[in-house]
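If you want the building blocks of each chain, they are given just below.
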Amino acid sequence: VLVGRAMGKLQSKISFCTSKYRANGSGEETGPVPAVQQHDPVHTDAVTSVAALKPDLCVSGGRDKSVAVCSWRSGAVLRRFSGHEREVTKVTSALDSNRVFSASRDKTVMMWELHRTSGPSQHFPGHDLVVTGLAVSPDASQLCTGSRDNTVCKWDTETGECLGRAAISRNLVTHLCWVPGEPYIVQTSEDKTIRIWDSRELQVAHTFPARRHIQTCCDVSQDGRYCLSSSSGSAGEGGEATLWDLRQTRNRVREYKGHFQTTTSCVFLPRGPALAPSIATSSYDSTVKVWDRDTGGRG
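Residues numbered from 1 in each chain as written. Predicted model: local features only at pLDDT ≥ 70, side-chain atom pairs only at ≥ 80, totals over all residues. Heavy atoms only, no water.

### With respect to the UniProt feature "repeat: WD" (unreviewed entry) in the chain
The sites that UniProt annotates as "repeat: WD" (unreviewed entry) are residues 81–114, 124–165, 173–207 and 256–299. Within the segment residues 81–114, helix and strand shares are 0% and 56% respectively, and the terminal C-alpha atoms sit 9 Å apart. End-to-end, the C-alpha atoms of residues 173–207 are 14 Å apart, and along that stretch the chain is 0% helix and 63% strand. (UniProt positions renumbered as here; feature names shortened; annotations may be inferred. Helix = DSSP H or I, 4+ residues; strand = E, 2+ residues; numbered from the N terminus.)

Shown next, in the form of structure tokens:
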């Protein structure tokens, strides 16, 4: 239910049945994948965002203004955080960290401690409109936020101090991802561009060629070599995902076409020893598709 609602009532039509993933990211050959487990609803309204917290835990945010930490194995809600005045738009965490971050339409970001019983441990006000991008550094010491107010901000997670603020005209932020092991942040925008920010000075280090459609989401591979972006679309126009090289060439590597409406989410899948590198995309066309990263073929 968590993932299904977060994807926007999608029906999974994946035929990729070669293996399943263990919690530690390794793969094992199993034949057909069993049916998806369904648990009782965690939120009282639509789920807007889901992120990994630990190998067996995920965090979600919803229109009910709450943030929940759940075991994806049992479906049990381990923690529920309340404090936002409007719906939660994004959630994230540093993997294997005890800190959870949430962004909201109330223009703020909050930090929550997994083992803390009271309210948020840190509060990050400062945007003028809904916060739509959220990325935390690998060591969880810094936070980057983006908004429809055309700004990107950098924060100290310990003190809550704003360490920098950058504004670009028409840069309505849709998503942010921190590059593993690097000081760089990938950002998608409604102005149809993908930018790479250098977090040290909060300056744009590179801008990829503008796409034909709004860029809705991005993800970065665990090795930091590639990023992925997804596009809006309708009636078979647009809706593609694009693979970009983050190394020196910074070229467009490949496109993944097959969705008939806006592709809302894109993600690099964990790679098992017997599996080819793969990505997954979800769309308003009610499908989730899994692709071979290197050939563009669908599983």
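Still to come is the rest of the account.
### Observations regarding unusual backbone geometry
Most peptide bonds take the trans configuration, and most residues that are not glycine carry a negative phi. Look at Lys107: it is not a glycine, yet its phi comes out positive at around 80°. Note that Lys107 resides in the loop between strand S8 (99–104) and strand S9 (109–113). The backbone of Ala140 sits at a positive phi, close to 65°, despite the residue not being glycine. Turning to its location among the elements, Ala140 is positioned in the loop between strand S11 (131–136) and strand S12 (142–147). Given the relative accessible area of 6%, Ala140 is considered buried. (Buried < 20%, exposed > 50% of the residue type's maximum accessible area, 1.4 Å probe, protein only.)

### Considering the side chain of His213
Examined against the element boundaries, His213 turns out to sit in the loop between strand S18 (203–207) and strand S19 (215–220). On the basis of relative accessibility, which here comes to 17%, the residue His213 falls in the buried class. Aside from chain neighbours lying at most four places away, what touches His213 is Lys192, Ser231, Ser232, Glu237 and Gly238. (Contact = heavy atoms within 4.5 Å.)

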